[in-house]
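# Structure assessment
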Amino acid sequence: GSMRRRGPSVWGRGRVALLLLVVAESVLCVCSVNLGAPLPHLRMTLRGGKAEGDASSPSAKIDSLPKVHAVKRLFSESQEAGNLFTGSSRARREPAAKRITVRGGKAAAMETEGKGEAIDEALYSRQLYVLGHDAMRRMQQARILLVGMGGLGVEIAKDLVLAGVKGLTIHDESEVTWADLASQFYCSEDDIGKNKAEVSLPRIASLNRNVQIEVLEGPVTAESLDGFSLVICSDKLFGECVRVNDACRERGIAFIMTQARGVFSNTFVDFGLEFEVVDTDGENPLQAMVSSISQEHPATVTTLDEARHGFSDGDEVELSEVQGMAELNDLGPLKVKVTGPYTFQLDIDATKFGAYTSGGYAKQVKRPAKMAFKSLREALLDPPFTTSD
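Just so it is clear, the structure is predicted and the values come from calculations on it, not from any experiment.

Let us now look at the overall build of the protein. Helix and strand counts for the protein stand at nine helices and 16 strands. The burial tally for the protein puts 43% of its 389 residues in the buried class. Accessible surface for the protein amounts to roughly 20900 Å². Of this, 51% is attributable to carbon and sulfur atoms.

Among the nonpolar cores identified, the biggest contains 33 residues, and Leu146, Leu168, Ile170, Ile204, Ile213, Ile232 and Phe271 are the most heavily contacted of them. Of all the elements in the fold, those that place two or more residues in this core are β3 (143–147), α6 (151–163), β4 (167–171), α7 (196–205), β5 (212–216), β6 (230–234), β7 (254–261) and β9 (275–277). Broken down by element, the residue count for this core peaks at seven residues, all from α6. Listed in part, the 21 residues of the second largest apolar core include Leu145, Phe228, Val242 and Ile253.

Right, let's talk about the pattern of salt bridges for a bit. In this structure the tally under the stated criterion is 15 salt bridges. Asp246 is paired through a salt bridge with Arg377; the nearest N and O atoms lie 2.5 Å apart. Of this pair, Asp246 sits in helix α8 (residues 238–251) while Arg377 sits in helix α9 (residues 376–381), placing them 131 residues apart in sequence. Taken together, the salt bridges that share partners define one network made up of Glu155, Lys158 and Asp159.

Turning to its location among the elements, Val165 is positioned in the loop between α6 and β4. Along the primary structure Val165 and Gln140 are separated by 25 residues, whereas in three dimensions their C-alpha atoms are 4.6 Å apart. For Val165, the contacting residues outside a window of four places in its chain are Met139, Gln140, Ala142, Ile144, Leu160 and Val211.

It is worth spelling out the sheet that holds strand β14 (residues 343–346) at this point. Sheet architecture is closed into a barrel: six strands sit in the order β10-β11-β14-β13-β12-β15, paired in antiparallel fashion. Adjacent strand axes in the sheet meet at a mean angle of 50°, parallel and antiparallel pairs treated alike. Both strand β13 (residues 334–340) and β14 contribute to a ladder of four bridges, which runs antiparallel. Considered in β14, the bridge of Val338 is made with Phe344.

What follows deals with α6. Three- or four-residue spacings in an α-helix give side chains the same orientation, since the helix completes a turn every 3.6 residues. The terminal C-alpha atoms of α6 lie 19 Å apart, and with 13 residues this matches the ideal 18 Å at 1.5 Å per residue to within 8%. Summarising burial for α6: 11 of the 13 residues are buried, a large majority. Taken together, the buried positions of α6 are Gly151, Leu152, Gly153, Val154, Glu155, Ile156, Ala157, Lys158, Leu160, Val161 and Ala163.

Let's shift gears to the environment of Val338. With respect to the helices and strands, the residue Val338 is situated in strand β13. In the structure, Val338 is positioned 28 residues away from Gly310 in sequence and 9.3 Å away in space, judged by C-alpha atoms. Ignoring any residue separated from it by four or fewer positions in sequence, one finds Val338 in contact with His309, Phe311, Ser312, Asp313, Thr343 and Phe344.

This brings us to unusual backbone geometry. Of note, the bond from His297 into Pro298 is cis; its omega dihedral lies within 30 degrees of zero at 5°. Relative to the assigned elements, Pro298 resides in the loop between β10 (287–293) and β11 (299–303). Even without being glycine, Asp235 reaches a positive phi, approximately 55°. In this fold, Asp235 is placed in the loop between β6 and α8. Although it is not a glycine, Glu321 adopts a positive phi angle of roughly 60°. Along the polypeptide, Glu321 turns up in the loop between β12 (316–320) and β13.

Cut-offs used in this document
- Residues numbered from 1 in each chain as written.
- Predicted model: local features only at pLDDT ≥ 70, side-chain atom pairs only at ≥ 80, totals over all residues.
- Heavy atoms only, no water.
- Helix = DSSP H or I, 4+ residues; strand = E, 2+ residues; numbered from the N terminus.
- Buried < 20%, exposed > 50% of the residue type's maximum accessible area, 1.4 Å probe, protein only.
- Areas by Shrake-Rupley, 256 points an atom, 1.4 Å probe, with all protein chains shown as cover.
- Core = buried A, V, L, I, M, F, W, Y, C linked by side-chain atoms within 4.5 Å.
- Salt bridge = Lys/Arg side-chain N within 4 Å of Asp/Glu carboxyl O.
- Contact = heavy atoms within 4.5 Å.
- Pairing = 2+ DSSP bridges.
- Axes fitted to C-alpha atoms, helices over the stretch in contact; angles between N-to-C directions.
- Expected span 1.5 Å × (residues − 1).

Below, the structure written as structure tokens:
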């Protein structure tokens, strides 16, 4: 009898839920924190034949090898399958990648580059409430390359387009198979044998008319990464992801790798050596009401015992509305040394200040922090381990 397509199973959709949360948070981080300047526009909207791609890479086998030798063998297997980047001495000459542009479900050349677009507050009202206008503007400047359009990749693509990034380019040289129908919800039985990215393109484009959607045809080369602010590799071999990550680091492009393998999954993030985090915890600044301040060096501040102050060693606070010891109101941020749930010390000499009489607030001051990320190559050779209690 005829075969009927099964709908996406609960497990097929649920197995990538945790990965999507991590990827979405990472994408939001790189889009809304560190992308202040608009990126150059490098689009040539051509529709052409499909470029010939590399042969599929062999699976890396690292069953019982030591860590370093396993990674080296993984690299060598991927290189034997064909180097992706034309800058390598072992690279093969490949045709230049072509792009197909679809916006709002219709093929069109982009003519709005550099003009800037206002935020559609009706469309993004819920996001604006959570993210704010500044983060949303930065997200609208982000151009993202998504490599891999399987079940995990199509979920990521859908979420990025609905979030309202400036542009999304998708890439996948593989064809739709019966196995894809369990998780790639934009593919049907009629699409078997067709290219995954081209099949998904019109359906993804219909989700948000404000996002430019493209297909990158042919192999991913180092040059094809230019102009992107973030590259995501979904369900690709480690060797391929390592080479893409190396090229991204050379160009200052943020990189995310994510994989789903049955009940197991992983996510890797590399935002470079000097990634600035404006808010390290995403929480509102802490504030406590002052009940007393000692005339000592260091000065001890006691807060009302209705609630713990919540500060940590090294936090910075500003004092305001202090009566009596008014000099503290003009000192600016001061570092905290926690001595108890309702007390902390400030490294200042308060012996010459006026005596505290009443009132006052201590409010946490948040500072941007710099983070340095390892490359995927470095992380595979020397992986960091986190112990959970």
